[in-house]
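# Structural description and commentary
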Amino acid sequence: MNVPLFKIYHDDFDVDLINTEINSGSNWAVGPKVEEFEEKIANYMGCEYTAVLNSGTSALHANLIANGIGKNDEIIVPSFTFIATANAPLFVGAKPVFADIEKDTFGLDPVSVEENITENTKAIIPIHYGGCPCKIKELKEIAEDNDLALIEDAAESFGADIDSKMTGTFGDSGILSFCQNKVITTGEGGALITDSKELYEKIILIRSHGRLESEDYFNSAGYFDYISLGYNWRMSNITAALGLAQIEKVDKIINMRIEKSKYLTKRINEETDEIETFTPPKGYKHVYQLYSVLANFRDDLIDYLSESGISSKIYFDPVHQSNFYTEKLKYDCKLPVTEEVAKKTLTLPMFPSITTEEIDYIASTIGKFYNRR
Ligand SMILES: Cc1ncc(COP(=O)(O)O)c(C=O)c1O
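Described in the following lines is the structure provided in the data block. (Residues numbered from 1 in each chain as written. Predicted model: local features only at pLDDT ≥ 70, side-chain atom pairs only at ≥ 80, totals over all residues. Heavy atoms only, no water.)

### Examining the site of the ligand
- Surveying the vicinity of the ligand reveals 13 residues, the closest of which are Gly 56, Thr 57, Asp 153, Glu 156 and Ser 177.
- A distance of 2.6 Å separates a nitrogen atom of the ligand from a polar atom in the side chain of Asp 153.
- Measuring from an oxygen atom of the ligand, one finds a side-chain N or O atom of Lys 182 at 2.8 Å.
- Considered on its own, the ligand offers 390 Å² of accessible surface; in the complex 91% of this is hidden by protein. (Near = heavy atom within 4 Å. Polar contact = N/O pair within 3.5 Å; in protein donor to acceptor, adjacent residues only side chain to side chain. Areas by Shrake-Rupley, 256 points an atom, 1.4 Å probe, with all protein chains shown as cover.)

This is how it looks when you write it as structure tokens:
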């Protein structure tokens, strides 16, 4: 049996909505689906404004520009994340400062964040690791007490919440990713969510050349003025159509992920004590974008799973230990919890359509591996 790490959940509705846009023969770049998708996201999240972009990384970049972050500013980030979170401050000439994580959620540790605040700190960018909310309420208090922007990197946690408040909506703004392994996907894509009209309006300019766009640029003879520096970080109308089809089934997708993850946890715990499965804190809704565990003899297990046709992956090797940060940027910091967790963390296959047989096979293969030792 071969079990991939993830499979995209799609159906005929995805194809139908894209086909309609393609067959229209117009509006492949900009068009009405973009705003429709933005409205759906805002309604789902419970926020005032959404701007979609071509990736989560662009959303982070645009967000820092719009927040006026620049030279001499320090931004507190986790190291246990995808590198884009840490790189975003560098994009605008600011310095990423790594804080440690805590073990309940693998998210930023509020104590470590406080220890890293200096007079140059301007913002905190927490992530919600693999779809599990981090200690965002505590981080919000710290941000408010110290007058810092709280920018949530909710790339992995679409639909995750704490007591029904969505991740991404606790901070001043949040970013989402729709890359192919995320909870819902448009292949590539991202979004910024916020209640701030001012921030939203800046993002709209930054994502499209700094151009004032009261109507469709491509289909208008009118004059368009350019009032700030901007990029082409737009999401295409075709992509947004796919997003509309995906968001329609998001609750189904999340429920399937949660149900399958619960079963995998039960099965792993039946097979071995050598793996620590993940239990989110009470009231925290984990959407299992990643199904990660802490595994003894992790690297040998990866090989054994691979020989048995099961894909697994290390999410994440700490950013502060990457070649770019140690060799080029000369970072030399110690993050004990991050380093300990990263040595044992292993992400196993998880996707909405994973079958009971596949889950049983993963668990029994893991059981076999530890029994042999
Ligand atoms: C935590 C985190 N932040 C940011 C990103 C970047 O998103 P994208 O791949 O859409 O640029 C990702 C995606 O992998 C992510 O996992």
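### Quick notes on the sheet that holds strand β6 (residues 161–162)
- Within the open sheet, the three strands sit side by side as β7-β6-β11. Their pairing is antiparallel. Each edge of the open sheet carries a strand with a single partner, namely β7 (165–166) and β11 (284–285).
- Strand direction decides the pairing type here: β6 and β7, joined by two bridges, are antiparallel. Bridge pairing in β7 links Ile 162 to Lys 165. (Pairing = 2+ DSSP bridges. Helix = DSSP H or I, 4+ residues; strand = E, 2+ residues; numbered from the N terminus.)

### Overview of the environment of Val 92
- By the secondary structure assignment, Val 92 is in the loop between α4 (83–91) and β3 (95–99).
- Overall, Val 92 belongs to the buried group, its relative accessible area being 16%.
- The sequence separation of Val 92 and Ala 66 amounts to 26 residues, and the corresponding C-alpha distance is 10 Å.
- Apart from residues lying up to four places away in sequence, Val 92 is in contact with His 61, Leu 64, Ile 65, Ile 69, Gly 70 and Lys 71. (Buried < 20%, exposed > 50% of the residue type's maximum accessible area, 1.4 Å probe, protein only. Contact = heavy atoms within 4.5 Å.)

### Here's the deal with the side chain of Thr 85
- Within the secondary structure layout, Thr 85 lies in helix α4.
- A distance of 2.9 Å separates polar atoms of two side chains, one belonging to Thr 85 and the other to Asp 153.
- When neighbours within four sequence positions are excluded, Thr 85 is seen to be in contact with Leu 60, Val 77, Pro 78, Ile 125, Ile 127 and Asp 153.

### Considerations on the packing of helix α9 (residues 250–271) against helix α13 (residues 356–372)
- Their axes nearest at 9 Å, the elements α9 and α13 cross at an angle of 30 degrees. Taken together, the axes of α9 and α13 are roughly parallel relative to one another. By crossing handedness, the relation of α9 to α13 is classed as right-handed. In this structure, α9 uses Lys 260, Tyr 263, Leu 264, Arg 267, Ile 268 and Glu 271 to contact α13, whose residues at the interface are Thr 356, Ile 359, Asp 360, Ile 362, Ala 363, Ser 364, Ile 366 and Gly 367.
- Taken together, the residues that form the contact of α9 with α13 break down as seven nonpolar, three polar and four charged. (Axes fitted to C-alpha atoms, helices over the stretch in contact; angles between N-to-C directions. Parallel < 35°, antiparallel > 145°, perpendicular 65-115°, else oblique. Left-handed = near helix turned anticlockwise from the far one by under 90°. Nonpolar A, V, L, I, M, F, W, Y, C, P; charged D, E, K, R; others polar.)

By themselves these figures say nothing about function.
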